[in-house]
Amino acid sequence: MYNWPPAENSIRISLNGQTIEDKNFVFRLGVIKKNNPNGVYWQGKNWLSDEEISKLNFDIKCGDKIAVCKKRRDTEEIVFKNIWDTERDWPAEASGASTTVIPFEF
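About the criteria used
- Residues numbered from 1 in each chain as written.
- Predicted model: local features only at pLDDT ≥ 70, side-chain atom pairs only at ≥ 80, totals over all residues.
- Heavy atoms only, no water.
- Helix = DSSP H or I, 4+ residues; strand = E, 2+ residues; numbered from the N terminus.
- Rg over C-alpha atoms; globule rule 2.2 N^0.38 Å.
- Buried < 20%, exposed > 50% of the residue type's maximum accessible area, 1.4 Å probe, protein only.
- Contact = heavy atoms within 4.5 Å.
- Lys, Arg positive; Asp, Glu negative; His and termini not counted.
- Charge placed at Lys NZ, Arg CZ, Asp CG, Glu CD.
- Phe/Tyr/Trp six-rings, centres within 6.5 Å; stacked < 30°, edge-to-face > 60°.
- Lys NZ or Arg CZ within 6 Å of the ring centre and 35° of its normal.

Colleague: Mind showing me how you'd approach the overall build of the chain here?
Modeller: Of the regular secondary structure elements, the chain holds one helix and six strands. Listed by position from the N terminus, the elements making up the chain come as β-β-β-α-β-β-β. Taking 13 Å as the expected radius of gyration for a compact globule of 106 residues, we find that the chain reaches 14 Å, a close match to that expectation. Expressed along its principal axes, the backbone C-alpha trace of the chain runs to roughly 45 × 30 × 20 Å. Sorting the 106 residues of the chain into buried and exposed places 36% on the buried side. Summarising the internal contacts of the chain: among those between residues at least 6 apart in sequence, 60% fall at separations of at least 24. Distance between charge centres in the chain, computed from 15 positive and 16 negative side chains, equals 4 Å.

Colleague: Where do I start with the packing of aromatic side chains in this structure?
Modeller: Two descriptors summarise a pair of aromatic rings, namely the distance from one centre to the other and the angle between the planes of the rings. Scanning all chains against the criterion turns up zero aromatic pairs. Geometry around W42 places R28 over its ring, the cationic atom sitting 3.9 Å from the centre. In this structure, K70 packs its charged tip against the face of F25, placed 4.5 Å from the ring centre.

Next comes the structure, spelled out in structure tokens:
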């Protein structure tokens, strides 16, 4: 949810919308702080199941980035890796007292 709490240039990260296929994968989700672009602050333990990742909720500031990795369970095969740039993707409608929800699919 962009601009939550309102007028604070923050983003509430929460994950939901798992599919039946997600049971075959484990995930890593990390924050790359704008003021420390060389570090990744991983959320939770090393790799998270779809059930564990759906329980994560945390706030970040505009300009922080989210690193996402997805791999097949019981292998080292990473099938998805991406970085979500929250500043670049900030929606115009999320300003002042307005908030908005934008999905980021992985």
